Amino acid sequence: IDGTLEGAERVRAIVQDLRRFSSSQREGLEVFDVTRTIRTAVDWVVRAERVKPVVVFDMPDELDACARKGHLHQVIVNLVHNAADVLQNRPEPRIEISCRREGEDVVIKVRDNGTGIPQTHMDQIFEPFFTTKPIGQGTGLGLYVSYGLMKEQGGDLAAANHPEGGAVFTVRLPANPG
Ligand SMILES: Nc1ncnc2c1ncn2[C@@H]1O[C@H](COP(=O)(O)OP(=O)(O)OP(=O)(O)O)[C@@H](O)[C@H]1O
Ligand SMILES: [Mg+2]
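**Side note on the environment of Val80**
No. 1: Relative to the helices and strands, Val80 is located in helix α3 (residues 69-86).
No. 2: Taking C-alpha positions, Val80 is 11 Å from Val168, a pair spaced 88 residues apart along the chain.
No. 3: Sequence-distant contacts of Val80, defined by excluding residues within four places in its chain, comprise Val42, Val45, Ile95, Ile97 and Val110.

Right under this line is the structure:
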């Protein structure tokens, strides 16, 4: 019975998440200001947090790219959500977000000062349903879906730990894919 209940709880969480992830599947390319999309996405997540982390931006006033705006928005929401989760009950919670042009790409970094990612988990975090969160709080789909959304538009998503602690996620997006 315990196993069944646990399964049911997971299914409930998965269905909720699929609703969150299934928006605008067929989105096309458009030219938009990436920094604005980042600010909106961050605002969405932070607004809903009980304990609000300090968010520091390091980006130009405007940086245009030709990409899938809704998908990028979703990726940033997922990354900031993860950062906010790991920062719960941490001292001086802080998220740093940078965005700059590097050659043909727009590179966005989302860094937190949380626990970082254990080396043993590095290979697993992008797998579907890999989660270290309690039932009902995480389904392990956020990074899997985000990775897929970036690859689909010729970009990339990678994880690392910062030498001074915490995790850093790097989003790479072709600024003008022909
Ligand atoms: N910023 C981070 N710092 C430390 N660990 C992280 C961070 N982001 C992700 N992780 C680890 O990677 C796992 C997978 O993340 P992912 O976003 O795919 O799923 P989730 O957050 O657990 O659930 P979901 O996103 O579906 O609600 C997390 O459970 C956590 O263990
Ligand atoms: Mg997540």
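Here the narrative resumes, following the displayed structure.
**Topic: helix α2 (residues 34-48)**
No. 1: Between its first and last C-alpha atoms α2 spans 22 Å; for 15 residues at 1.5 Å apiece the expected length is 21 Å, and the two agree.
No. 2: Along α2, the residues classified as buried are Val34, Thr35, Thr37, Ile38, Ala41, Val42, Val45 and Val46. Along the axis of α2, the buried residues cluster in a sector spanning 160°; they form a single face. Residues Arg36, Trp44, Arg47 and Ala48 are exposed on α2 and point more than 90 degrees away from its buried face.

**A look at the pairing of strand β4 (residues 94-102)**
No. 1: Of the pairings in the sheet, the one linking strand β2 (residues 54-58) to β4 comprises five bridges and is parallel in character. Of the residues in β4, the one forming a bridge with Phe57 is Ile97.
No. 2: Pairing between β4 and strand β5 (residues 105-112): eight bridges, direction antiparallel. Among the inter-strand pairings, Glu96 is bridged to a residue of β5, identified as Arg111.
No. 3: If you look at the hairpin formed by β4 and β5, you'll find two residues sitting between the two strands, and Gly103 has a positive phi there, around 60°.

Cut-off values and rules
Residues numbered from 1 in each chain as written. Chains lettered and ligands numbered in written order. Predicted model: local features only at pLDDT ≥ 70, side-chain atom pairs only at ≥ 80, totals over all residues. Heavy atoms only, no water. Helix = DSSP H or I, 4+ residues; strand = E, 2+ residues; numbered from the N terminus. Contact = heavy atoms within 4.5 Å. Expected span 1.5 Å × (residues − 1). Buried < 20%, exposed > 50% of the residue type's maximum accessible area, 1.4 Å probe, protein only. Arc of directions from axis to C-beta. Pairing = 2+ DSSP bridges.

So, to be careful, I would describe these as geometric facts and stop short of saying anything about function.
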